[in-house]
Amino acid sequence: MSGDADRTHAAPEPPRQLDLALPVDQALAALAAAADIWGAEWERDGRGGRLALPVTAGVRQGLVEGPVTAERLGDGTRLRFDVERAVYRIHFAALMVLLMGAAGALLTVMVPLLPSLLELLPVAGLLMLLSWFLVLARIRNRNSVDFFALIAKVAEEGIEDDSEDVEGDQAAAGRELRGPLRGPLRGP
């Protein structure tokens, strides 16, 4: 398994819904464009399709899969994503570095109780800094909520087929996903 462990969940996330002021075809086109930017797999089937979305949750990385339906709401469309399956892998190398940092923190706390450990205090500090710089400073979260925020952003800006700087657009979209989500996205 190359240092990773799989864990499958039946339904880890509630259904996600997004209301767009677009016709069904344009809403599904915005979803397809967002899936392309995100690196997700999207298969359209009539008024919906199937989505396989790569996600990140701390030291876990995985894939959530399920159907997407598009229903007409007056002048707009409601997109709904039902997670049927989620598979996460824990990155054990990162977990081991975090455990070394925790050992350093424990050693720091134990020094007042056991003064003989005082000479190991620099090692404890090094272990804590190592865990911070190698793992904690790089932790990112990307989930279906962020993906639906990207769909809303793509729908708001419109879909441009003649984009000159696709890689720059993808990097900018990834940076904007790190902030708190605001907008018409809601759970069940």
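These notes cover the structure that comes with them. (Residues numbered from 1 in each chain as written. Predicted model: local features only at pLDDT ≥ 70, side-chain atom pairs only at ≥ 80, totals over all residues. Heavy atoms only, no water.)

1. Some remarks on helix α2 (residues 92-110)
Reasoning step 1: Spanning 19 residues, α2 covers 26 Å between terminal C-alpha atoms, matching the ideal 27 Å at 1.5 Å per step.
Reasoning step 2: For α2, the full list of buried residues reads Ala94, Val97, Gly101, Gly104 and Leu107. Axial view of α2: buried residues confined to an arc of 135°, hence all on one face. Facing away from the buried side of α2, by more than 90 degrees, are the exposed residues Leu106 and Val109.
Reasoning step 3: For α2, the secondary structure elements touched by its buried residues are β7 (85-91) and α3 (121-134). (Helix = DSSP H or I, 4+ residues; strand = E, 2+ residues; numbered from the N terminus. Expected span 1.5 Å × (residues − 1). Buried < 20%, exposed > 50% of the residue type's maximum accessible area, 1.4 Å probe, protein only. Arc of directions from axis to C-beta. Contact = heavy atoms within 4.5 Å.)

2. Let's talk about the pattern of salt bridges
Reasoning step 1: Evaluated as defined, the whole model comprises six salt bridges.
Reasoning step 2: We note a salt bridge from arginine 78 to aspartate 19, for which the minimum N-O separation is 2.8 Å. Of this pair, arginine 78 sits in strand β6 (residues 76-81) while aspartate 19 sits in strand β2 (residues 16-20), and the two are 59 residues apart along the sequence.
Reasoning step 3: The partner of glutamate 157 in a salt bridge is lysine 153, and the shortest N-O contact between them spans 2.4 Å. Placement of both glutamate 157 and lysine 153 in helix α4 (residues 144-157) is noted, with a separation of four residues, approximately one turn of the helix.
Reasoning step 4: Glutamate 157 sits in the exposed class, given a relative accessible area of 53%.
Reasoning step 5: Lysine 153 gets classed as partly exposed once you look at its relative accessible area, which sits at 25%. (Salt bridge = Lys/Arg side-chain N within 4 Å of Asp/Glu carboxyl O.)

3. Details of a nonpolar patch on the surface
Reasoning step 1: There is a patch of nonpolar side chains on the surface, built from Leu129, Trp132, Phe133, Leu136 and Ile139 and spanning about 480 Å² of accessible area.
Reasoning step 2: The residue phenylalanine 133 is located in helix α3 in this model.
Reasoning step 3: Classification of phenylalanine 133 by relative accessible area gives exposed; the value is 53%. (Patch = residues over 30% accessible without salt bridge, like charges linked within 9 Å, V, L, I, M, F, W, Y side chains within 5 Å. Areas by Shrake-Rupley, 256 points an atom, 1.4 Å probe, with all protein chains shown as cover.)

4. Observations concerning the packing of helix α1 (residues 24-38) against α4
Reasoning step 1: At their nearest, the axes of α1 and α4 sit 9 Å apart, and the two run at 120° to each other. On the basis of their axis angle, the class for α1 and α4 is oblique. Regarding α1 and α4, the two cross each other, and that crossing is right-handed. Counting all contacts with α1, which are made through Ala30, Leu31, Ala33, Ala34, Ala35, Ile37 and Trp38, the residues of α4 involved are Asp146, Phe147, Leu150, Ile151, Val154 and Ala155.
Reasoning step 2: Looking at the contact of α1 with α4 residue by residue, the classes come out as 12 nonpolar, no polar and one charged. (Axes fitted to C-alpha atoms, helices over the stretch in contact; angles between N-to-C directions. Parallel < 35°, antiparallel > 145°, perpendicular 65-115°, else oblique. Left-handed = near helix turned anticlockwise from the far one by under 90°. Nonpolar A, V, L, I, M, F, W, Y, C, P; charged D, E, K, R; others polar.)

Geometric descriptors of this kind do not, in isolation, establish any biological role.
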